[in-house]
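Chain residues, written in single-letter form:
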Amino acid sequence: MCPVLTLAVNVRYDTACPGHTFSTTARDDRTRIGTLSVPQLGIGTIAWTPKTDEDESRITSVARAAKSAGLNFFDTAERYGASPASLIPAALAGLGLPIDSSYLGGDCESNLANWGDGAIVATKFTPTPWRRTARSVVDACTESAKRLGVEQIDLYQVHMPDIIQPFSALGIMERKDAVYWDGLAECYHRGLVANVGVSNYGPTLVEQAQEALARRGVPLASNQINFNLLYRRQGSLATLERCSELGVSVLAYYPLAMGLLTSKLTLSKLQGKRDARSKDLLRYLDGGSGGTAGQVPEGGIRPLLAVLHTVAARVGKTPAQVSLNWIICKGAIPIPGASSPLQVEENLGALGWRLSEADVSELDQAADKLAFEFNGCGFQTSDSKFVGYGFERWQLD
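Residues numbered from 1 in each chain as written. Predicted model: local features only at pLDDT ≥ 70, side-chain atom pairs only at ≥ 80, totals over all residues. Heavy atoms only, no water.

Visitor: Hey, could you run me through the overall build of the protein chain in this one?
Guide: When helices and strands are counted, the protein chain shows 13 helices and 16 strands. Split by element, the accessible area of the protein chain, about 16500 Å² in all, is 51% carbon and sulfur. (Helix = DSSP H or I, 4+ residues; strand = E, 2+ residues; numbered from the N terminus. Areas by Shrake-Rupley, 256 points an atom, 1.4 Å probe, with all protein chains shown as cover.)

Right under this line is the structure:
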């Protein structure tokens, strides 16, 4: 007999063990975000912006496979679909220049009007310098709902703290976080959204948001943060703990650290590539300095990967499935991407079972031994957003 874990949702799952067959699927292995019943694993859709007919067909098959399997929780944002270059005019408009600031993306939301039909879809509001009122949140929410083709958005999140402060170097700051919380409350009371959430909030800010929303009679359903085996110490674990105390669900983006925790990225595949992302990924795997990765000791993350492979072999799962299950065991909902039906199938293999406490502890100890953490790759960073004129950063307290 394999040991069992009893979850807070009062469902029991066998811990993984060799030779054991699991029949539980995403329809059974579920949790709650506010009023929503969702699988313990979602799907991030930032890459669901096809450039060719082939891309369109591929993503259509991915969405169909996911919904068919019960992986029916999709996460998107109004910003998804916007290239870094397209955000420059919007940023300049925030400086007061007479430039069109209307385009923030939205392409992915429009695509999900079809691909997300019948699924639970979460999207996000982007804080910007020119969005200064609660009404701006309501207006943005209304436009997102139109693009998504729904009357009510399942989960509407603030994408990040109000970090876009173009005049901060001059000592001029206009923090509008509280204004945006009022906007979320307005959306909720108008019935535009079923649930509200935040993203990239640390323990202090998430508590302030919950208190502000509670005064308006609105529950805070979720907080989405960067969280994985390679990104735990920079406030993520403390945020997860505080959210648990507050009853706020945690969603984890970058759950596989951009592929580093899948075992599919190898030195031979990355060596010789010249793009910034590949060079950063190579630094994480092999060591080196520079780029977004920063200073990575010789050997990189390979000691952790060795332990991850050992645990995966022992429980009869892939390294990616173990990495995702580790997040679930920590009490968060991972949101990996999916670019093919096969990837949907692999993601599904992270559900219906749980790592043992000993497995989780072994992975924790291996991660603790690394002297660095995952900072992101290229323009995609762990603690900042590219906002047109540069990067603006935040800290999880």
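Visitor: What is the right way to read the pattern of salt bridges from this model?
Guide: Side-chain pairs of opposite charge can arise where the charged atoms are in close proximity. Counting across every chain of the model gives 23 salt bridges. R147 is paired through a salt bridge with E78; the nearest N and O atoms lie 3.9 Å apart. On the criterion of sequence distance, the pair formed by R147 in helix α4 (residues 134-148) and E78 in the loop between β6 (73-75) and α2 (87-94) is long-range, its members being 69 residues apart. E346 is the salt-bridge partner of K264, the closest N and O atoms lying 2.7 Å from each other. With K264 in the loop between β11 (249-253) and α8 (267-270) and E346 in helix α12 (residues 341-348), this pair connects stretches of sequence that are 82 residues apart. A relative accessible area of 15% places E346 in the buried class. (Salt bridge = Lys/Arg side-chain N within 4 Å of Asp/Glu carboxyl O. Buried < 20%, exposed > 50% of the residue type's maximum accessible area, 1.4 Å probe, protein only.)

Visitor: Explanation requested: unusual backbone geometry in the structure shown.
Guide: The residue A257 is not glycine, and still its phi comes out positive at about 50 degrees. Within the fold, A257 resides in the loop between β11 and α8. Notably, M258 is not glycine yet its phi reads approximately 60 degrees, a positive angle. Structurally, M258 is set in the loop between β11 and α8.

Visitor: Explain the packing of aromatic side chains to me, please; I cannot follow it from the model alone.
Guide: Summed over the entire model, instances satisfying the criterion amount to eight aromatic pairs. Site record: aromatic cluster; members linked through ring pairs are Y253, Y254, Y284 and F374. (Phe/Tyr/Trp six-rings, centres within 6.5 Å; stacked < 30°, edge-to-face > 60°.)

Visitor: Explain the packing of helix α1 (residues 53-69) against α12 here, please?
Guide: Each pair of packed helices can be summarised by the angle the axes make with each other and by the distance between the axes. α12 packs onto α1 with a crossing angle of 30 degrees between their chain directions and a minimal axis gap of 8 Å. Of the possible angle classes, the one that applies to α1 and α12 is roughly parallel. Taken as a pair, α1 and α12 cross one another with a handedness that is right-handed. Of α12, the residues touching α1 (which contributes S61, V62, A65, A66 and A69) are P341, V344 and L348. Residue composition of the contact of α1 with α12, by class: seven nonpolar, one polar and no charged. (Axes fitted to C-alpha atoms, helices over the stretch in contact; angles between N-to-C directions. Parallel < 35°, antiparallel > 145°, perpendicular 65-115°, else oblique. Left-handed = near helix turned anticlockwise from the far one by under 90°. Contact = heavy atoms within 4.5 Å. Nonpolar A, V, L, I, M, F, W, Y, C, P; charged D, E, K, R; others polar.)

Visitor: How should the environment of L220 be read in this particular structure?
Guide: By the secondary structure assignment, L220 is in strand β10 (residues 220-226). Owing to a relative accessible area of 6%, L220 belongs among the buried residues under this scheme. C-alpha of L220 to C-alpha of G34: the two residues are 186 residues apart in sequence and 7.7 Å apart in space. Setting aside anything within four residues of it in sequence, one finds L220 in contact with V196, G197, V198, V206, A209, Q210, L213 and V248.

Visitor: Explanation requested: the sheet that holds β6 in the structure shown.
Guide: The eight strands are arranged β5-β6-β7-β8-β9-β10-β11-β12 in an open sheet whose pairing can be described as parallel. With partners counted over all chains shown, the strands left at the sheet margins are β5 (43-44) and β12 (333-334), one partner each. Strand direction decides the pairing type here: strand β9 (residues 196-199) and β10, joined by four bridges, are parallel. Within β10, the residue paired with V196 across the bridge is L220. (Pairing = 2+ DSSP bridges.)

Visitor: I would appreciate a short explanation of the state of the cysteines in the present structure.
Guide: One covalent bond between the sulfur atoms of two cysteine residues makes up a disulfide. Per the stated rule, a full pass over the model turns up zero disulfides. Summary of cysteine pairing: C141 is not part of a disulfide, and the nearest cysteine sulfur, belonging to C187, is at 3.8 Å. (Disulfide = S-S within 2.5 Å.)

Visitor: Can you walk me through the nonpolar core in this structure?
Guide: Buried together is how nonpolar side chains tend to be arranged in soluble globular proteins. In terms of nonpolar packing, the biggest core is built from 101 residues, with W48 and Y156 touching the most fellow members. The element contributing the most residues to this core is helix α10 (residues 302-315), with seven residues. Apart from residues no more than four positions distant in its own chain, W48 is found in contact with I43, I59, V62, A63, F74, C108, N111, L112, W115 and A338. (Core = buried A, V, L, I, M, F, W, Y, C linked by side-chain atoms within 4.5 Å.)

Visitor: Can you help me understand the side chain of T45 in this one?
Guide: Position of T45 among the secondary structure elements: in the loop between β5 and α1. When near neighbours in sequence (up to four residues on either side) are disregarded, T45 contacts F74, D75, T76, Y80, C108 and L112.

Visitor: Quick question: what am I supposed to make of the pairing of β9 here?
Guide: A regular strand carries its side chains on alternate faces of the sheet. Side chains of β9 alternate between two faces, with V196 and V198 and G197 and S199 buried alike. Pairing geometry for strand β8 (residues 155-158) and β9, over three bridges, is parallel. Each residue of the ladder has a partner; that of Q157, found in β9, is G197. With helix α6 (residues 203-215) bridging β9 and the parallel β10, this β-α-β connection has right-handed handedness. (Right-handed = clockwise from strand over helix to strand, strands pointing away.)

Visitor: Honestly, the confidence of the model for the protein chain in this entry has me stumped. Any pointers?
Guide: Fine structural detail should not be taken from predicted coordinates in areas where pLDDT scores are low. Of all residues in the protein chain, 86% attain a pLDDT of 70 or more, and the chain-wide mean is 88. Confidence drops under a pLDDT of 50 for residues 17-23, and excluding neighbours within four residues, the segment shows 13 contacts in the predicted structure. (pLDDT = per-residue confidence, 0-100.)

Visitor: Which parts of the structure should I look at to understand the pairing of β11?
Guide: Summarising burial for β11: five of the five residues are buried, a large majority. Residues S249, L251 and Y253 of β11 are buried on one face, and the alternating residues V250 and A252, pointing to the opposite face, are buried as well. Bridge analysis of β10 against β11 gives five bridges, and the strand direction is parallel. Across the sheet, residue I225 finds its bridge partner in β11, namely A252. Taken together, β10, helix α7 (residues 236-246) and β11 form a β-α-β motif whose crossover is right-handed. The sheet contact formed by β11 and β12 spans two bridges and is parallel.

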